[in-house]
Amino acid sequence: MKKILMFLMVSTLCFAQKTELIKLSQNIKDKNSRTKSLNLLDIRTDKDLGTVIYKDESVQMKFSNEDLKNHVETWFADDNKARGSNDITILLEEIKITNFQNTGLTKLKVKVSSFINRNGKYFFISRYYNTLDFNSKLTPNIPKQVSSSISDILSSFINQSYAHTVLRTPIPEAELKDYEVILEKNMKFVTSPELTNGVYKDFKSFSEQKPQEGYYIGKNKKGKVIGVKDQNDLLVLTEEMYGYVEDGKAYRSTPVGFLEINKDDRGYYIVSSRQELYPKNSNTGAMIGGMTGGLVGGLIGAAIDSGSKTGRNGNTALSNVYIDSLTGDYVFEK
């Protein structure tokens, strides 16, 4: 009998699935003490985060406390003893990990939004909506890296939500899940049949279709764009520009030049890649890009010739990179 029990115990240990816990422990103190409360609404349709293959074994990813609402709200309370008057709601829409054994790739998709609650009306603050890639050949311990990335994304997102600008459109609590549809109805670049010609310094001006006065596109004798010029006929650094619209066509400032912004039934997009838009570190760049928001304007070091392919690697696989309609951030799927 003892041998049978011993065998069962050993078998259970051998076949027990390994687990990597995601700990939420970074500092999320509101430095300006403006926030009174942080409420989490977890509307994920699938609460199972997924598994990661590490050293030929399946590792289940889990939060250290699966009562996530209590976990996040306690996390905020512990870090914020001094309180203000703002009530912030975090809407957790998706966290999903997908493992591709044949390629050695792991994908992490995160979608989370924040709102300020004013007398039962919710006002959009920001959103992180992106997919990160992890390559087993380049990442020594993927479970730990995925865990760290989820924790970093959530803590960074909460911290930047404290002082982020708020959209003016109120959303009733009962319709909070449909916030994107409601907000897009009030965005001119989404609803306008034709975009307004001109230069745009940031995503906010582009979304409102209010080009920068006194700025225009400079061209050479061959008609190619050489950059953006100000009212003094001086070239402006392209990192200070979001893009421009000419003859109803929009162009986005990127590290490889001004790329045309196209539109389909899913929204606006450019044809590019993670490597082109964040050449130094694709995953870090995507994460930082999502944290900073589209309001900051163009990327540093963008080329100025929209007709030139200089800087584009012919071996880079290109795909549609969508532009988040609410933040202007890139949404990577590949």
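Residues numbered from 1 in each chain as written. Predicted model: local features only at pLDDT ≥ 70, side-chain atom pairs only at ≥ 80, totals over all residues. Heavy atoms only, no water.

Things to note about the side chain of Ser 155
In this structure, Ser 155 sits in helix H3 (residues 142-161). Reaching out from Ser 155, the side chain makes a polar contact with the backbone oxygen of Ser 151 at a distance of 3.0 Å. Not counting chain neighbours up to four residues away, the residues in contact with Ser 155 comprise Gln 26, Ile 28 and Trp 75. (Helix = DSSP H or I, 4+ residues; strand = E, 2+ residues; numbered from the N terminus. Polar contact = N/O pair within 3.5 Å; in protein donor to acceptor, adjacent residues only side chain to side chain. Contact = heavy atoms within 4.5 Å.)

Details of the sheet that holds strand S4 (residues 57-63)
What links the strands of a sheet is backbone hydrogen bonding, and the strands pair in either a parallel or an antiparallel sense. Pairing in this open sheet of three strands is mixed, and the strands run S1-S4-S3 from one edge to the other. Strand pairing shows two members of the sheet lacking a second neighbour, strand S1 (18-22) and strand S3 (51-54), which therefore form its edges. The sheet shows a mean angle of 35 degrees between the axes of neighbouring strands, direction not considered. Where S1 meets S4, five bridges bridge the pair, whose relative direction is parallel. Looking across to S4, one finds that Leu 21 is bridged to Lys 62. Its contacts with the sheet put H3 on S1, S3 and S4, and the angle it makes with S1 is roughly 25 degrees. (Pairing = 2+ DSSP bridges. Axes fitted to C-alpha atoms, helices over the stretch in contact; angles between N-to-C directions.)

Examining the confidence of the model for the protein
Counting all residues, the mean pLDDT for the protein is 87, and 85% of those residues have values of 70 or more. Looking at the elements of the protein, mean pLDDT is at its lowest for helix H8 (residues 282-292), recorded as 47, and at its highest for strand S2 (residues 35-42), recorded as 98. Scored below 50 in pLDDT, residues 284-290 shows 17 contacts in the model against residues more than four places distant or in partner chains. Residue range residues 292-310 is modelled with pLDDT below 50. Its contacts to residues more than four positions away, or to other chains, number 57 contacts. (pLDDT = per-residue confidence, 0-100.)

Regarding the environment of Ile 53
Along the chain, Ile 53 turns up in strand S3. Residue class for Ile 53 comes out partly exposed when judged on its relative accessible area of 27%. In this structure, the C-alpha to C-alpha distance between Ile 53 and Thr 98, residues 45 residues apart in sequence, is 10.0 Å. In this structure, Ile 53 is in contact with Ser 58, Asn 99 and Gln 101, ignoring residues within four places of it in sequence. (Buried < 20%, exposed > 50% of the residue type's maximum accessible area, 1.4 Å probe, protein only.)

Some points on the side chain of Ser 114
Among the structural elements, Ser 114 can be located in strand S6 (residues 105-118). Given the relative accessible area of 0%, Ser 114 is considered buried. Polar side-chain contacts of Ser 114 include one of 2.9 Å to the side chain of Ser 161. Discounting residues that sit within four places of it in the chain, Ser 114 has contacts with Thr 89, Ile 90, Phe 123, Phe 124, Ile 125, Ser 126, Phe 157 and Ser 161.

Structural notes on the pairing of strand S14 (residues 249-254)
In terms of burial, S14 is largely enclosed, as five of its six residues are buried. When strand S13 (residues 243-246) meets S14, the two strands line up antiparallel, connected through four bridges. Residue pairing across strands places Glu 246 opposite Lys 249, the latter belonging to S14. Between S13 and S14, which pair antiparallel and follow one another directly, the connecting turn spans two residues, one of which, Asp 247, has a positive phi of 55 degrees. Bridge analysis of S14 against strand S15 (residues 257-264) gives five bridges, and the strand direction is antiparallel. Of the residues in S15, the one forming a bridge with Tyr 251 is Glu 260.

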